[in-house]
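# Structure assessment
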Amino acid sequence: MAVLNENYRNIIVIGASAGGLEAILAVLERVPEDLGASIFIVQHIPAYTRSNIDRVIQHHTKLRVLAPVDGAPIEVNTVYIARADRHLMVEPGRVVVSKGPRENRFRPAVDALFRSAAHAYRERVIGVVLSGALNDGSSGSWTIKRFGGKVIVQDPEEAVFGDMPRETMQYTEVDHVLPAAKIGGVLAKLSGQAIHPQRNRDVASAELLELEIALAKGENGLGMGILTMGKPSSLTCPECHGALAKFEEGRLIRFRCHTGHAHTAESLLAGVRDNVEKSMWEVMRGMEESKILLDTLADQLEQSEEYELAGVYRERAGELVEQSKKIQQAIEYTDRSTMKQQIFPQL
């Protein structure tokens, strides 16, 4: 089994979401088969899907493509694809596949992969952020740079969804901004460059980084003291409604709850908006159920010739119909004006 040369940048991590599959293929089609590196890819996909993304990618590259199991060895000239509903991470010499808490509302999450790679391989890591909505990958890219690695983003103007690369550029000093078709050539060039590891690099918050990697593997956040490592927050997690602690990475603000869910501010806002919409639908459902019950009671009263009371029930039912319409209008307005549509490729 061929092994990676520890003196080169040969751990490549790629993150993508909406519109990302096309960009991934454009990158890999231009990566040489003797790259001398290992590539790890997180493409956001719904938990309930049965993905064949590994087979799709295999048709576009001469590198070997795998959807690995936990503990699989890391081999040179191999592409590792995250499975649906599982985080993909790395440790020295091995792949980690876990069902830890979702990050930025996703599992697999780009940040989980990027952080683990930076912690395990430091200067040897090249991070690539491609098309996607919101900003999964921003925190992980910041960590890669903090450990001396390189970061490349797809040109946001070219990306189908430019949020992920644009947000990464906002919070991280990236090394290259390129069309997807040109990234493969740069990866080949960078992976052929020797590095000089800085073993004594002073990395702030190393304890927090190790804890976050452990959380992504499924360790218990409360027991590990996650809430004591951040600033207190009055906000709650939209995933589980647990208390959130606030963390700052440069200009990037993030949150984690005691069960382990992680959010950037943008991801948290999207989650809160989803919960608000869900609550409005529940209110609308309650009104419509009440209207049905009032109509049923009115029918019974009319059969007993109690027309006056039946009329009162009919009037109340009509009021609920009008209130229900207002709730539905509010939902439609919220959807048009503030919600970002998440579009997943058909994998």
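Overview of the structure. (Residues numbered from 1 in each chain as written. Predicted model: local features only at pLDDT ≥ 70, side-chain atom pairs only at ≥ 80, totals over all residues. Heavy atoms only, no water.)

## Looking at the overall build of the protein
A tally of regular secondary structure across the protein gives nine helices and 13 strands. Summarising its shape, the C-alpha atoms of the protein cover approximately 90 × 45 × 35 Å along the three principal directions. Here the protein holds 347 residues, and the buried ones make up 50% of them. Partitioning the intrachain contacts of the protein with sequence separation of at least 6 by distance along the chain shows that 68% fall at a separation of at least 24. Accessible surface computed for the protein: about 16,400 Å², of which carbon and sulfur atoms make up 49%. Distance between charge centres in the protein, computed from 40 positive and 46 negative side chains, equals 7 Å. (Helix = DSSP H or I, 4+ residues; strand = E, 2+ residues; numbered from the N terminus. Buried < 20%, exposed > 50% of the residue type's maximum accessible area, 1.4 Å probe, protein only. Contact = heavy atoms within 4.5 Å. Areas by Shrake-Rupley, 256 points an atom, 1.4 Å probe, with all protein chains shown as cover. Lys, Arg positive; Asp, Glu negative; His and termini not counted. Charge placed at Lys NZ, Arg CZ, Asp CG, Glu CD.)

## Regarding the nonpolar core
Within the largest apolar cluster, 31 residues are counted, with the highest numbers of intra-cluster contacts made by Ile12, Ile39, Ile41, Ile57, Leu130, Ile152 and Leu187. If you list the elements that add at least two residues to this core, you get β1 (11-16), α1 (20-28), β2 (38-43), α2 (53-58), β4 (78-81), β7 (125-129) and α6 (180-191). Counting residues per element, this core draws most heavily on α1, which supplies seven residues. Ignoring any residue separated from it by four or fewer positions in sequence, one finds Leu130 in contact with Ile14, Gly15, Ala16, Ala23, Ile24, Val27, Gln154, Met164, Pro165 and Ile183. Among the nonpolar cores identified, the runner-up in size contains 30 residues, and Leu4, Ala72, Tyr121 and Ile144 belong to it. (Core = buried A, V, L, I, M, F, W, Y, C linked by side-chain atoms within 4.5 Å.)

## Focus on the packing of helix α3 (residues 110-121) against helix α4 (residues 138-146)
Between α3 and α4, the least distance of the axes is 7 Å, while the angle of their chain directions is 10 degrees. Classified by the angle their axes make, α3 and α4 are roughly parallel. Here Asp111, Phe114, Arg115 and Ala118 of α3 come into contact with α4, specifically with Ser138, Ser139, Gly140, Ser141, Thr143 and Ile144. Class assignment of the residues belonging to the contact of α3 with α4 gives a composition of three nonpolar, five polar and two charged. (Axes fitted to C-alpha atoms, helices over the stretch in contact; angles between N-to-C directions. Parallel < 35°, antiparallel > 145°, perpendicular 65-115°, else oblique. Nonpolar A, V, L, I, M, F, W, Y, C, P; charged D, E, K, R; others polar.)

## A few points about the pattern of salt bridges
In total, this model carries 28 salt bridges according to the counting rule given. Lys145 serves as the salt-bridge partner of Asp175, at 3.1 Å between the closest nitrogen and oxygen. Placement of Asp175 in the loop between α5 (163-171) and β9 (176-178) and of Lys145 in helix α4 is noted, with a sequence separation of 30 residues between them. Asp175 gets classed as partly exposed once you look at its relative accessible area, which sits at 27%. For Lys325, the salt bridge is made with Glu322, and the minimal N-O distance between the two is 3.8 Å. (Salt bridge = Lys/Arg side-chain N within 4 Å of Asp/Glu carboxyl O.)

## Quick word on empty space enclosed by the protein
Taken as a whole and judged by the stated rule, the model has one cavity of 30 Å³ or more. In this structure, the largest cavity encloses a volume near 30 Å³. The wall of the largest cavity is formed by Asn104, Phe106, Ala133, Leu134, Asn135, Asp136 and Ser267. (1 Å grid on protein atoms, 1.4 Å probe; cavity = no way out; pocket = protein on both sides within 12 Å on 5 of 7 lines; lining within 4 Å. Points joined across faces, edges and corners; volume = space filled by probe spheres on them.)

## Examining the sheet that holds strand β12 (residues 252-257)
Ordered in space as β10-β11-β12-β13, the four strands form an open sheet in which the pairing is antiparallel. The open sheet has two free edges, formed respectively by β10 (231-236) and β13 (262-264), since each of these has just one partner strand. Going from strand to strand, the sheet's axes swing by 35 degrees on average, the running direction of each strand aside. Looking at chain direction, strand β11 (residues 243-249) and β12 are connected through six bridges and run antiparallel. Each residue of the ladder has a partner; that of Glu249, found in β12, is Leu252. (Pairing = 2+ DSSP bridges.)

## A closer look at the pairing of β11
In the sheet, β10 pairs with β11 via three bridges, with the strands oriented antiparallel. Looking across to β11, one finds that Thr236 is bridged to Ala243. Hairpin remark: β10 followed by β11, antiparallel, with six residues in the connecting loop; positive phi at His241, about 70 degrees. Joining the antiparallel neighbours β11 and β12 is a turn of two residues, in which Gly250 adopts a positive phi near 60 degrees.

## Some thoughts on unusual backbone geometry
In this structure, Pro108 follows Arg107 across a cis peptide bond, with omega equal to 15 degrees. You can see Pro108 is positioned in the loop between β6 (94-98) and α3. Even without being a glycine, Asp85 presents a positive backbone phi close to 65 degrees. Residue Asp85 is classed as buried on the basis of its relative accessible area, which comes to 11%. You will see that Arg105, though not glycine, has its phi angle at about 75 degrees, which is positive. One can find Arg105 in the loop between β6 and α3.

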